[in-house]
Amino acid sequence: MAEEDGLTLALINYYCQERYFNHVQRAANEALKTNGNDSVFIFFRAYGILMEDRIQEAIRELEAVKGNQEVSLCTLMALTYAHKKSSTPDRDAIQELDAKLKEDRKSAGQRGLYFAGLFLWHLGCNDKAREYTERMIKISNGAKEGLILKGWIDLTSGKDAYVKKSVKYFDEGMKDGIDVFGMMGKAQYYEFRQNYSGALETVNQVIVAFPDFLPAFIKKMKLFLTLQDWEQTVEAAQRLLQKDENNLEALRMLALYSLCSKGNIDESITQVSNLVGSLDRFEPHNAELFYRMSLAFTRVCGRNQMILQQTQTLVERAFAMASDDAELATELGYQLVLQGKLKEAIKWYKTAMTLDETSVSALTGIIKCQLIEGHLEEAEQQLEFLNEIQQSIGKSGELSFLRAVLAVKKHRAQDEVIHLLNDATDIHFSVLQGLPLGVQYFERLNPDFLLEIVKEYIGFCPTESASQGQPPSPQLQHCASVLETVVKTVPGLVEAVYLMAKVKFLAGDIDAAQNSIQHCLEQNPSHADAHLLMAQIYLMQGSFKLSSQSLELCLSYNFEIREHPLYHLIKAQTQKNMGEVQEAIQTLQMAMSLPGMKRVGGSSKSRSKKVGISSTGRVSVFLELAEAHRLNGEQHEAAKVMQDAINEFSGTSEELRVTIANADMALLRGDTELALSMLRNITPEQPYYIQAKEKMADIYLNYRKEKRLYASCYRELVEKLPNSHTYLLLGDAYINIQEPEKAIETYEHALKKNPKNGALASKIGKALVKTHNYAKAINYYEAALKTGQQNYLLHDLAELLLKLKQYEKAETILQQALDHEPVNDLSALTEDGRYLVLLAKIHSKMDKTEQAILSLQRARDVQARVLKRVQLEQPEAVPNQKQLAAEICAEIAKHYTSQREYEKAIKFYKEALVYCETDKKVMLELARLYLAQDDIDASQHQCAILLKNDQDNEAATMMMADLMFRKQDYEQAVFHIQQLLERRPDNYPTLSRLIDLLRRAGKLEEVPRFLEMVEKHSSRARLEPGFNYCKGIYLWYTGEPNDGLRHFNKARKDNEWGQNAVYNMIEICLNPDNDTMGGEVFENLDGDIGNSTEKQESEQLAVRTAEKLLKELKPQTIDGHVQLRIMENYCLMATKQKANVEKALNAFTEIANNEKDHIPALLGMATAYMILKQTPKARNQLKRIAKMNWNAIDADEFEKSWLLLADIYIQSGKYDMAGELLKRCLRHNKSSCKAYEYMGYIMEKEQAFRDAALNYEMAWKYGNQTNPTIGYKLAFNYLKAKRYVDAIDICHKVLEAHPNYPKMRREILDKARAAIRS
């Protein structure tokens, strides 16, 4: 057979097995177009027609090929099958065909036997098929087709012994080359053995070898779903639809994805509609397929009426084709129950019973309808009958559930109902064991049925949220375990997510409940019950305004909610907390008048469920009303309501709540003794005993201040009710009164009662840490870990070791925990992520930056997997997990920033913002990095977004101001900072930044008004270290270093400002005139003054002062220590002694080698080289700095390095290159005196005296007209530029301050006067 024919036959086999009979005919017809009258394809076309119950047509087709030896055996079998299937079987024809078959079988050839075996296998007669196939293999000496078919027969036999051997036949059949039918069999074998990766690999090989073989793509899509990877499942489905736009499996898969994963009802309605249309066109006579295609949607759609109408249409069409099928009638009944159409449902169930009177599922459906309609006696009789025959029909979860519903309606004991519900759950889940995720899993899981069970469980749960530390009731635990499976598998089912939120709320896990309910409302904003629950959550969190908004939304979506007392209760509690006490009273009085508040005897089931309220809720309404009257000063009314409550609830389990509330009232009146005597009357066997004891303990501790009696309340609790919860309460009580040793002992008792409680074990460890008994804590953790509580305690132990600086031990423990085979379980992945983040912290402390980054990147990869899984399994946890992912990315970015790898840091900060778009810290850091990269626009964009969300963000406002200065938009910059200073004029960090920015903008004359503003705001300003620091930097920048020193000295002892003040004082001591250290251009221009003995002594005294100041510095950070080292070595250089300068050079070199691109260290090296007259080496370091991007942190060092490099270029006569550097200086600091002085010098050298004068003028202005050297140069250039009057004016100013300034009078003043006279 040609390869194309083999491919077509494999396709037909696939369609036969999947029972796509019209597809079988279409594939056969396509093959016949190229193969003429090939009897094999004619046979399969006839088989497809036959399986659609078009019997006479099929017989005619089969008669035409029965003489062909290749298909004669299978044709005879098919004809026999057709006649037997006919409504009026032709007995003679059947006998004749049987005789012919016996005769032909004796002489059948290899091909005849093969197709006979194939046909029998498709009919499900595996034993017969094996017999024919084995005979074919024998006479053909192991033909590959026979071996592969035998592999398929064994694989689908349902017998494990045969299944195990099937792969051997597939391998044997393909030893001479790949075969598509064999490969698909092998993939199926791997899938059966749960080796899904092996199955996927095999399918991929098929796709590569046969890229047009659609079943391989279908199998791949289903395997991705089995691996719980919806993303790739959808991609595979979309790829399938590109190849075949009407592919039924792909259309079904996309509709299921929209429904199960996304919860997008509108989208899934359209997709189900498309599926129905394609079924109509491509399988119009396939009743079984119409039925099968409806099942999963019915069970996962959350009773959506639009979807149910479409699935009902599918089953009705199926029944029209097969009106004798009881299963179809039963399914129609079931779907009508889901739609609430009980009468029609009963009609269909009865039809099913008529067609098959032994149909248990139809009878079960009738019982369900009877229970809903309240016909309890009839239902009970039927259930008893089914219960008796259960041994023969097998246990049924549905049956146990219906018995539980009956027990509830008949008010039977809670234990009996819970036992039946537990049975129903266990039986239902037992059917799912070993079943991979797929369409069949959705059908069998039947989330709708599980939600019914959960709703019954919730009826027996507490109606108020559990207090912290209190274990949830067993019923809530049952609910949570059922819902976890449903939400994990069908996260798009809104009702399941809502119920999960409700269960978490009742269990006291408020944050998880809030996350779940937010997820629920994202999918369905009109879910009224979800808004009501959200209002309760906000109320518990103290967000009263938000609670009120949720109630309004709830009412807008469901007006009937006004009939529910719970709605009014929450509304009143919200009003009370917002101070609207009178409105709260009115709301509660309205609640009291509702029918649901009346005490109900008998059955409450006849009443609308929405109107009813539990007895706990009813008590809450009374107590809230009493409390509201009390707050409104209506004590008499409050007492009256309390008396009504006592009368109403006397003799009920809720009576004690009223007693506890009465005790609270007494307490508020200051009568603690009365409150205590009321509470003492509550005995251990009564409900609320624990709450009463907790209230008594609170009175002893907070009102009586008697710690001993406080603890004795909890001790008594333990004596009367010795369980892990009461021990836990006692332990917490000991912790509250600072007795951790007793707490440890108590926690250990609790742990003995509940050895698997990791939270308890963790509390013991933390209590030991509290006693500072660290060695014992470590020993305890290590011993506990050996008992297998690794997940809970290992992280605690590693954290403790980190705190104790035992880094190596902590590192070893975490690495051992992470040394395991790859995991896929969500909790294990989450644990690994926590370990890796902690390991990164430890590596950071050990200065192993590279390893820290590596650990964080591993954590990031793990977190990406967690996020992928959590979206399907725990949608409510997505926000927290995204926040964690953002924190990991931000931490990686921080490390890269410290290494000055800004591009990488930006990449990871951006990734952090993908996870958490509004993270202010990340946005700010990203803006800073963009600024460091000189990307002004990007930095401004980040700041603008941040300020839009948070107008008062100080750091973002400061940065925005900085950016505006950079853009030379001075007014905008000052506006931004002015906003901050107007809000708080004594905001000294902002003021100091403003002074720096005004200096850089060349606007230092603006500073005094801001300093005056601070003085006006506070009379104590002149005594404030922050103010003195700000005044000091202003004076230093304006050329008055001595006054600056005096102000810095006033700030130097302050914790906040002291360190920076001392550094500035040291800089002034080492370089009071702000000269270019190491520069040579101006070195000898001062003539004799530069080398005078007086000046040398002054410099030595300044160095000694700087050295004393250095000893005051006590840095706390690594960067602080580096800064201190830099300054120490500048002091060494300032001595100008060669040995000291060389020592400083070695230190700077070491820092530069350890810290990548460390600007201060590189500048220090260059300065040292200049002092040592090694100019080329200095130039190399300075050129390196010149290539780097400017940043605000190293701004002064950048300026100094550019000035020093300009000095070197001027010395070499490279004025253009020097000029470029000086312009760069002035671009970043328009007040740079030295840059203007150098520019003036260059102009002067080039004989451009007017330009030189302009630059010296600026240097004179920004030096506050105090530097005589600049004054002399300015006057000289005025003289050369023939501006004699200006020259004379400057001379007077210089000589007034420095009467003996050399050459000034003789060379400039006298010449200028003479020039004017002439």
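Bear in mind the structure is a predicted one, so any value in this text is a computation, not a measurement.

Turning our attention to the overall build of the protein chain. For the protein chain, the count of helices and strands is 71 helices and zero strands. With the C-alpha coordinates of the protein chain rotated into their principal frame, the extents come out at 150 × 95 × 60 Å. For the protein chain, buried positions account for 53% of its 1318 residues. Taking all contacts inside the protein chain whose residues are at least 6 apart in sequence as the whole, residues at least 24 apart take part in 58%. Total accessible area on the protein chain is roughly 61500 Å²; 47% of this is exposed by carbon and sulfur atoms. The average position of the 164 basic charges and that of the 178 acidic charges among the side chains of the protein chain differ by 4 Å.

Our focus in this paragraph is the pattern of salt bridges. As a working rule, side chains carrying opposite charge can pair if their charged atoms are close by. Following the criterion strictly, the structure yields 62 salt bridges and no others. Here arginine 984 makes a salt bridge to aspartate 986, at a shortest N to O gap of 3.9 Å. Residue arginine 1000 pairs with aspartate 996 through a salt bridge whose shortest N-O separation is 3.4 Å. Taken as a pair, arginine 1000 and aspartate 996 lie in helix α55 (residues 988-1000) at a separation of four residues, close to a single helical turn. Aspartate 996 gets classed as buried once you look at its relative accessible area, which sits at 13%.

Below, the discussion takes up the side chain of glutamate 831. Residue position: glutamate 831 is located in helix α47 (residues 826-845). With a relative accessible area of 13%, glutamate 831 lands in the buried category.

Further remarks concern the packing of helix α3 (residues 39-51) against helix α7 (residues 110-122). Look at α3 against α7: their axes get within 13 Å of each other, and the N-to-C directions meet at 20 degrees. By the angle between their axes, α3 is roughly parallel relative to α7. Crossing hand, α3 versus α7: right-handed. Taken together, the residues of α7 that come into contact with α3 (itself represented by Val40, Phe43, Phe44 and Tyr47) are Phe115, Leu118, Phe119 and His122. In terms of residue class, the contact of α3 with α7 is built from seven nonpolar, one polar and no charged.

Residue position: leucine 254 is located in helix α15 (residues 248-262). Under the relative-accessibility criterion, leucine 254 is labelled buried at 12%. Taking the C-alpha atoms as reference, leucine 254 lies 42 Å from isoleucine 389; in sequence the two are 135 residues apart.

Time to look at the packing of aromatic side chains. Evaluation of the coordinates by the stated rule reveals 26 aromatic pairs. Ring centres of tyrosine 114 and phenylalanine 115 lie 5.2 Å apart, and the angle between their planes is 70 degrees; this geometry places the pair in the edge-to-face category. Judged by relative accessible area, which is 5%, tyrosine 114 ranks as buried. Geometrically, the ring pair formed by tryptophan 1036 and tyrosine 1037 is stacked, given 6.1 Å between the ring centres and 20 degrees between the ring planes. One aromatic cluster in this structure is built from Phe21, Phe43, Phe44, Tyr47 and Phe119.

This paragraph deals with the nonpolar core. Within the largest apolar cluster, 203 residues are counted, with the highest numbers of intra-cluster contacts made by Phe44, Leu256 and Phe442. Not counting residues up to four positions away in its chain, the partners in contact with leucine 256 are Trp230, Ser261, Ala296, Phe297, Val300, Val439 and Phe442. In terms of nonpolar packing, the next biggest core, distinct from the first, is built from 188 residues, Leu797, Ala886, Trp1202 and Tyr1241 among them.

Moving on: the side chain of asparagine 1129. With respect to the helices and strands, the residue asparagine 1129 is situated in helix α61 (residues 1118-1134). Sequence-distant contacts of asparagine 1129, defined by excluding residues within four places in its chain, comprise Lys1143, Ala1144, Ala1147 and Phe1148.

The backbone of asparagine 141 shows a phi angle near 55 degrees, a positive value even though the residue is not glycine. Accessibility expressed as a relative area gives 73% for asparagine 141, which makes it exposed. Phi angles above zero are rare outside glycine, and asparagine 446 is one such case at about 45 degrees. By secondary structure assignment, the location of asparagine 446 is in the loop between α26 (439-445) and α27 (447-458). Under the relative-accessibility criterion, asparagine 446 is labelled buried at 11%.

Summary statistics for the protein chain give a mean pLDDT of 85 and a share of 93% for residues scoring 70 or more. Here residues 600-610 is a poorly scored stretch, pLDDT under 50, and it has nine contacts once near neighbours within four places are set aside; other chains count.

A few words on the environment of leucine 802. By secondary structure assignment, the location of leucine 802 is in helix α45 (residues 790-803). The spatial distance from the C-alpha of leucine 802 to the C-alpha of cysteine 301 is 51 Å, given a sequence separation of 501 residues. If we skip the residues at most four places from it in the chain, leucine 802 touches Tyr807, Ala810, Leu838, Lys841, Ile842 and Lys845.

Below, the discussion takes up helix α59 (residues 1058-1070). For an α-helix, the turn length of 3.6 residues means that residues three or four places apart are oriented alike. Taking 1.5 Å per residue, 13 residues should reach 18 Å; α59 reaches 18 Å between its end C-alpha atoms and fits that length. Counting buried positions along α59 gives 10 out of 13 residues, so the element sits mostly inside the fold. Among the residues making up α59, those that are buried are Gly1058, Ala1061, Val1062, Tyr1063, Asn1064, Met1065, Ile1066, Ile1068, Cys1069 and Leu1070. The secondary structure elements touched by the buried residues of α59 are α57 (1025-1037), α58 (1041-1051), α60 (1093-1110) and α61.

Quick notes on the rules
Position numbers for residues count from 1 along each chain, tracking the sequence in the order it is written. pLDDT decides what is reported in this predicted model: residues at 70 or higher carry local features, side-chain atom pairs at 80 or more are listed and counted, and totals for whole chains, interfaces and linings draw on all residues regardless. Note: side-chain values were computed over all heavy atoms of the structure, leaving out hydrogens and water. Numbering goes from the N terminus for both helices and strands, where a helix is a DSSP run of H or I of at least four residues and a strand is a run of E of at least two. Only protein chains enter the accessibility calculation, which uses a 1.4 Å probe; a residue whose area is less than 20% of its type maximum is buried, one above 50% is exposed, and one in between is partly exposed. The contact rule is simple, with two residues in contact once any of their heavy atoms fall within 4.5 Å. What sets the accessible areas is the Shrake-Rupley method with a 1.4 Å probe; for residues, cover comes only from the shown protein chains. We score Asp and Glu as negative and Lys and Arg as positive, and we do not count His or the chain ends. For this purpose, a charge sits on NZ of Lys, CZ of Arg, CG of Asp or CD of Glu. By salt bridge we mean one thing: a side-chain nitrogen of Lys or Arg within 4 Å of a carboxyl oxygen of Asp or Glu. Every axis in this analysis is a line fitted to C-alpha atoms, fitted for helices over the stretch in contact. Angles between the N-to-C directions lie between 0 and 180 degrees. Put simply, angles under 35 degrees are roughly parallel, angles over 145 are roughly antiparallel, angles from 65 to 115 are roughly perpendicular, and the rest are oblique. Crossing handedness is read from the near helix: turned anticlockwise from the far helix by less than a right angle, it gives a left-handed crossing, and turned clockwise, a right-handed one. Side-chain classes follow a simple rule in which Ala, Val, Leu, Ile, Met, Phe, Trp, Tyr, Cys and Pro form the nonpolar group, Asp, Glu, Lys and Arg form the charged group, and the remainder, Gly included, forms the polar group. Note on aromatic pairs: the rings of Phe, Tyr and Trp (six-membered ring only in Trp) are paired at centre separations within 6.5 Å, and the planes decide the class, stacked below 30 degrees, edge-to-face beyond 60, tilted for the rest. Buried residues of nine kinds, namely Ala, Val, Leu, Ile, Met, Phe, Trp, Tyr and Cys, make up a nonpolar core once their side-chain atoms join them within 4.5 Å. For every residue, the predictor assigns a confidence score, pLDDT, that lies between 0 and 100. Expected span of a helix, by definition, is 1.5 Å for each gap between consecutive residues, and there is one gap fewer than residues.

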